[in-house]
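Results of the structural survey
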Amino acid sequence: MSRTAVAPLERMKILLQVQNPHSIKYSGTVQGLKYIWRTEGLRGLFKGNGTNCARIVPNSAVKFFSYEQASKGILYMYRQRTGNENAQLTPLLRLGAGATAGIIAMSATYPMDMVRGRLTVQTANSPYQYRGIAHALSTVLREEGPRALYRGWLPSVIGVVPYVGLNFAVYESLKDWLLKDNPFGLVENNDLTIVTRLTCGAIAGTVGQTIAYPLDVIRRRMQMVGWKDASAVVTGEGRSKASLEYTGMMDAFRKTVRHEGFGALYKGLVPNSVKVVPSIAIAFVTYEMVKEVLGVEFRISD
């Protein structure tokens with residue numbers, strides 16, 4: 001639900017992140033969305049969303065399940081160490097649980113994310129067309145080898161700590177603060193309104209994405225390396241045409257800053273900032289509501 005709602009902004013973000021700096025097609029969010037609408041139509045705005053939804057289902061399921069289990073395990077060890085059976089998770093421990101969940105989920109589905117990035121940036125003028133996620137996976141595996149499916153994995157792992165970790169830590173801490181101080185007369189978790197949960201999720205998402213964003217840019221750029229029939233968005237056109245070559249994460253950071261300036265690490269931040277509030281908030285609210293509908297209560301105190 002959340003990914004589909006912001007799919008046009010997600011595609012715009014990735015295009016701004018990876019486009020050749022010497023052959024600019026997308027100069028901003030509004031101009032870029034208009035350009036996609038004019039050249040590719042409505043379907044162009046949602047290109048890559050099907051693959052993203054296919055990836056996000058196992059990713060979110062693994063992430064939330066891992067977070068619940070990691071939280072229980074960390075709390076058990078914390079109580080054993082302190083000898084306090086009533087101890088609760090601190091923000092730092094929640095950060096550790098969130099980061100653990102993020103790394104597990106991201107690693108399990110990373111090849112799908114890698115090819116999703118390529119599917120998102122290819123256009124009708126791309127020299128070679130991936131026909132879908134399965135075709136893209138098999139093509140990359142055949143032409144570039146299994147390691148290619150994990151290009152950009154390291155910055156993704158590093159980015160998990162501030163992004164996913166802070167999302168969970170800030171969200172849960174905000175909920176606890178609202179319940180503990182009882183500013184709106186709420187005494188139980190079920191009494192938190194949708195608006196309150198939405199606000200907590202929005203704040204958590206904004207904090208996490210802003211801190212981790214440069215790593216996301218580098219990850220996307222590394223995913224394009226080795227793509228011999230890459231979209232013109234990535235390679236550029238005419239005299240400006242050049243292939244992307246990074247030997248690793250630090251090399252990608254150095255070349256990006258040296259050739260494009262420090263601001264290049266935040267390309268696409270505007271559409272990402274606009275989408276992160278509804279995306280993360282809807283994801284958290286849906287998660288909470290589905291748990292209630294199913295009658296499943298994953299309480300750490302159990």
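Computed from a predicted structure; not experimentally measured.

Scoring rules and cut-offs
Residues numbered from 1 in each chain as written. Predicted model: local features only at pLDDT ≥ 70, side-chain atom pairs only at ≥ 80, totals over all residues. Heavy atoms only, no water. UniProt positions renumbered as here; feature names shortened; annotations may be inferred. Helix = DSSP H or I, 4+ residues; strand = E, 2+ residues; numbered from the N terminus. Core = buried A, V, L, I, M, F, W, Y, C linked by side-chain atoms within 4.5 Å. Buried < 20%, exposed > 50% of the residue type's maximum accessible area, 1.4 Å probe, protein only. Patch = residues over 30% accessible without salt bridge, like charges linked within 9 Å, V, L, I, M, F, W, Y side chains within 5 Å. Areas by Shrake-Rupley, 256 points an atom, 1.4 Å probe, with all protein chains shown as cover. Salt bridge = Lys/Arg side-chain N within 4 Å of Asp/Glu carboxyl O. Phe/Tyr/Trp six-rings, centres within 6.5 Å; stacked < 30°, edge-to-face > 60°. Lys NZ or Arg CZ within 6 Å of the ring centre and 35° of its normal. Expected span 1.5 Å × (residues − 1). Contact = heavy atoms within 4.5 Å.

The UniProt record annotates "repeat: Solcar" (unreviewed entry) at residues 1-73, 89-177 and 192-293. Segment residues 1-73 splits into 79% helix and 0% strand. End C-alpha atoms: 30 Å apart. For the annotated span residues 89-177, helix accounts for 76% and strand for 0% of the residues, and the straight-line distance between the end C-alpha atoms is 13 Å.

Now for the nonpolar core. In terms of nonpolar packing, the biggest core is built from 46 residues, with Leu15, Tyr26, Val121 and Val140 touching the most fellow members. Counting residues in hydrophobic clusters, the runner-up holds nine residues, among them Leu215, Met222, Met249 and Leu265.

Here the focus is a nonpolar patch on the surface. Together, Tyr150, Trp153, Leu154 and Ile158 make up an exposed nonpolar region whose accessible area comes to about 350 Å². Here Ile158 shows up in helix 7 (residues 153-181).

This part covers the pattern of salt bridges. By the definition in use, this model includes 19 salt bridges. Linking Asp113 and Arg220 is a salt bridge whose minimum nitrogen-to-oxygen distance equals 3.3 Å. Pair noted here: Asp113 is in helix 5 (residues 91-121) and Arg220 is in helix 8 (residues 194-223), with a separation of 107 residues, a long-range link. Pair check on accessibility: Asp113 and Arg220 agree, each one buried. With a closest N to O distance of 2.7 Å, Lys267 and Glu260 form a salt bridge. Residue classification places Lys267 among the partly exposed positions, given a relative accessible area of 23%. Under the relative-accessibility criterion, Glu260 is labelled partly exposed at 24%.

Under the defined criterion, the tally for this structure stands at five aromatic pairs. Aromatic side chains Tyr110 and Tyr150 sit 5.8 Å apart centroid to centroid with 20° between the ring planes, which places their arrangement in the stacked category. Placement of Tyr110 in helix 5 and of Tyr150 in the loop between helix 6 (133-144) and helix 7 is noted, with a sequence separation of 40 residues between them. For Tyr110, a relative accessible area of 1% gives the class buried. Between the aromatic rings of Tyr213 and Tyr266, the centroid separation amounts to 6.2 Å while the plane-to-plane angle is 20°, which identifies the pairing as stacked. One end of the pair, Tyr213, is in helix 8; the other, Tyr266, is in the loop between helix 10 (249-260) and helix 11 (269-294), with 53 residues separating them in the sequence. Residue classification places Tyr213 among the buried positions, given a relative accessible area of 2%. One aromatic cluster is present, formed by Tyr213, Phe262 and Tyr266 through successive ring pairs. Sitting above the plane of the Phe64 ring, Lys63 keeps its charged end 5.7 Å from the centroid.

A rise of 1.5 Å per residue sets the reference length of helix 6, with its twelve residues, at 16 Å; its end C-alpha atoms lie 16 Å apart and thus fit the reference within 8%. Where helix 6 is buried, its residues contact helix 5. In the segment just after helix 6, Gly145 is the residue with positive phi, at about 90°.

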